[in-house]
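Notes for the structure review
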Amino acid sequence: MGKLWLFMLSLVVLVLGISALLQTKFLEKTYYDQQAERLLEEGRRLAEMLLEQRDPLQAARQVDLLARLMNASVMVVDPRGAVEHWHVMGMGMMGRHMGMGMGSSGSWRNALPVGPPLAGLMPLSREQVEAVLGGQTVVYRGHNPFFGTDVILVGLPLKQGEEVLGGLFIHAPVAPLAANIRALQHANLYALALGALLATLLGLFFSRTFARPLLEMNRIARAMAAGDFGCRVAISSRDELGLLAASLNALAQQLQEKIAALERLDATRKEFVANVSHELRTPLTIIQGYTEAILDGMAEDEARRREYLQNIQEEVVRLRRLVDDLLDLRRLEAGRVTLKREPLDVAALLAQVVERFQNLAGERGVRLELSLRSPLPKITGDGDRLAQVFINLLDNALRVTPAGGRVEVTAREAGGAVEVAVEDSGPGIPPHEVPLIWERFYKGDPSRRRDGGGSGLGLAIARQIVELHGGEIYVDGRPGKGARFVVVLK
């Protein structure tokens, strides 16, 4: 805030100071130029009158009148430089009234000098007198010791034709002009003081208008640096500050989302590690237990030892499937899986998958059926990956379907796409679990499964594969009536 006030104060003082200086110089020059032009104009009139005037007394009166009107000193000299008429400021007439009429012989040349030549005596320099008597017009401004003040001097030659009959000199004091200049300077000083006051008031106003939002944004930025991305800047304008505030808010929003995403990712990784550890611990514990039992001689006969080895093999298969599922899911989520797209006969693919599960369904007392509701169009996709999707769905359906139940796979053409449904007669899925079944390692309520269940990765893998094909997968939970999983492929 202090810097803003100092900047505005400096700007106002600088602008007003330069303006006052330039204005003073300009007006001073204008005043003096106008005064000099006025003296020249009056001098020319007096010169004409003096050349036409034949009465010396009348000529002297004209000189005296002009001098009084202009508050100036008027001096008339002859061709030799001797004074013929002289009205000194504040002193009246001096000198001898000589005849000024222009006779045939020229009264200027016959006039007698009143005193000695001007050089060294009168308020004129020899160069000024010689210049005027040489036919030149002289204008000079400066200090004159004779008058003890600054004056403006105008010198005019008195010419008749090409002949110079004398010279007319007018000295006017510059004191009135100087007084006006000083008055102007005082006015500029007052304006400068007023400008400084206004700059102070404006500085306070703009500091509230501009500095406060900047301070608020600085506070928000510090909060963001400390990890708090929930703060926002109130946007009260649409100017540059408003745009800056909006950008800062957008940055905070993006950072908040990214931090939240990173936190979710970190939580997911921790949960993933915990789930993998849990999934690995169970089969490893079982394998370790049966192995130690065999080594300790607890398997007393060949049948018991074979049973233990069979259990170890099942757990190894389970571990192998878990590892494979983990690797598949990781590759799918990382986008490192390249689909081998080719025209597919979905009906044939479903028949192969269903046939693969017929023995398992028979062992569990479940009726497994395939029903094609309409001729199916061919689609383009990766047959192995899509088979993996239907295998996971059928495996889950058989796990939750009790003996005497039914699992039905249906397929039909729907608007140029193929819709495949896997429907079971198990306990169904409660509504609150529907969004969760697609998460990794989610297995649902164990009471609804006939065995220990799979790895909890099958549906997550299935969704990734279907989405890679540009398709859609969803479920109708139907609690108490069995679940129905639907895959739509184009």
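Rules of the game
Counting starts from 1 at the beginning of each chain's written sequence and moves along it residue by residue. In view of the model being predicted, local features appear only for residues whose pLDDT reaches at least 70, and side-chain atom pairs are presented and counted only at 80 or more, with totals across whole chains, interfaces and linings using the full set of residues. Just so you know, side-chain values use all the structure's heavy atoms and leave hydrogens and water out. Salt bridge criterion: a side-chain nitrogen from Lys or Arg within 4 Å of a carboxyl oxygen from Asp or Glu. Comment: elements are numbered from the N terminus, with helices defined as DSSP H or I runs of at least four residues and strands as E runs of at least two. Two strands are said to pair when DSSP picks up at least two bridges between them. Between N-to-C directions, angles cover 0 to 180 degrees, with each direction set by a line fitted to C-alpha atoms, over the stretch in contact for helices. Throughout, a residue-residue contact means that at least one pair of heavy atoms, one from each residue, lies within 4.5 Å. Throughout this description, buried means an accessible area under 20% of the type-specific maximum (1.4 Å probe, protein chains only), exposed means over 50%, and partly exposed covers the range between. Exposure above 30% relative accessible area and the absence of a salt bridge qualify a residue for a patch, where like charges join within 9 Å and nonpolar side chains (Val, Leu, Ile, Met, Phe, Trp, Tyr) within 5 Å. Shrake-Rupley sampling with a 1.4 Å probe provides the accessible areas, and residues are treated as covered by the protein chains on show and by no other component. Two rings from Phe, Tyr or Trp (for Trp, the six-membered ring) form a pair when their centres are within 6.5 Å of each other. A pair whose planes differ by under 30 degrees is stacked, one over 60 is edge-to-face, and the rest are tilted. The quantity called pLDDT is the predictor's confidence in a given residue, expressed from 0 to 100.

Description of the pattern of salt bridges
- Applying the stated rule across the entire model yields nine salt bridges.
- Of the charged contacts, one joins Arg 80 and Asp 78 as a salt bridge, the two residues approaching to 3.2 Å between their closest N and O atoms.
- In this structure, Glu 307 engages Arg 304 in a salt bridge whose closest nitrogen and oxygen atoms are separated by 3.8 Å. Taken together, the positions of Glu 307 and Arg 304, both in helix H7 (residues 302–334) and three residues apart, correspond to about one turn of that helix.

Some details on the sheet that holds strand S11 (residues 417–424)
- Ordered by their spatial adjacency, five strands build an open sheet running S8-S10-S11-S13-S12, and the pairing between neighbours is mixed. At either end of the open sheet lies a strand with only one pairing partner, and these are strand S8 (367–372) and strand S12 (472–476). Across this sheet, the average inter-strand angle for adjacent strands is 15°, counted without regard to direction.
- Alignment of S8 against strand S10 (residues 406–414), held across six bridges, turns out to be parallel. By the bridge assignment, Glu 369 is partnered in S10 with Glu 408.
- The strands touched by helix H10 (residues 458–468) within the sheet are S12 and strand S13 (484–489), with S12 carrying the most contacts at an inclination of about 140°.

Concerning helix H4 (residues 126–133)
- All of the buried residues in H4 are Gln 128, Val 129, Ala 131, Val 132 and Leu 133.
- Those residues of H4 hidden inside the fold are in contact with strand S1 (73–77), strand S4 (138–144), strand S5 (149–160) and strand S6 (163–173).
- Following H4 by one or two positions, Gly 135 adopts a phi angle in the positive range, close to 100°.

Details of a nonpolar patch on the surface
- Taken together, the side chains of Leu 194, Leu 197, Leu 198, Leu 201, Leu 202 and Leu 204 make up a nonpolar region of the molecular surface, amounting to roughly 550 Å² of accessible area.
- Checked against the element boundaries, Leu 204 lands in helix H5 (residues 175–225).

Section: the packing of aromatic side chains
- The full count for this structure, using the stated rule, is one aromatic pair.
- Plain terms: the ring middles of Tyr 290 and Tyr 308 are 5.1 Å apart, the flat faces sit at 50° to each other, and that makes the pair tilted. In this pair, Tyr 290 sits in helix H6 (residues 240–295) while Tyr 308 sits in helix H7, placing the two residues 18 residues apart along the sequence.
- According to the relative accessible area criterion, Tyr 308 is buried, its value standing at 11%.

Topic: the confidence of the model for the protein chain
- Mean pLDDT over the protein chain stands at 77; residues scoring 70 or higher make up 80%.
- Note on residues 90–121: pLDDT under 50 across the span, and 80 contacts to partners over four residues away in sequence or across chains.

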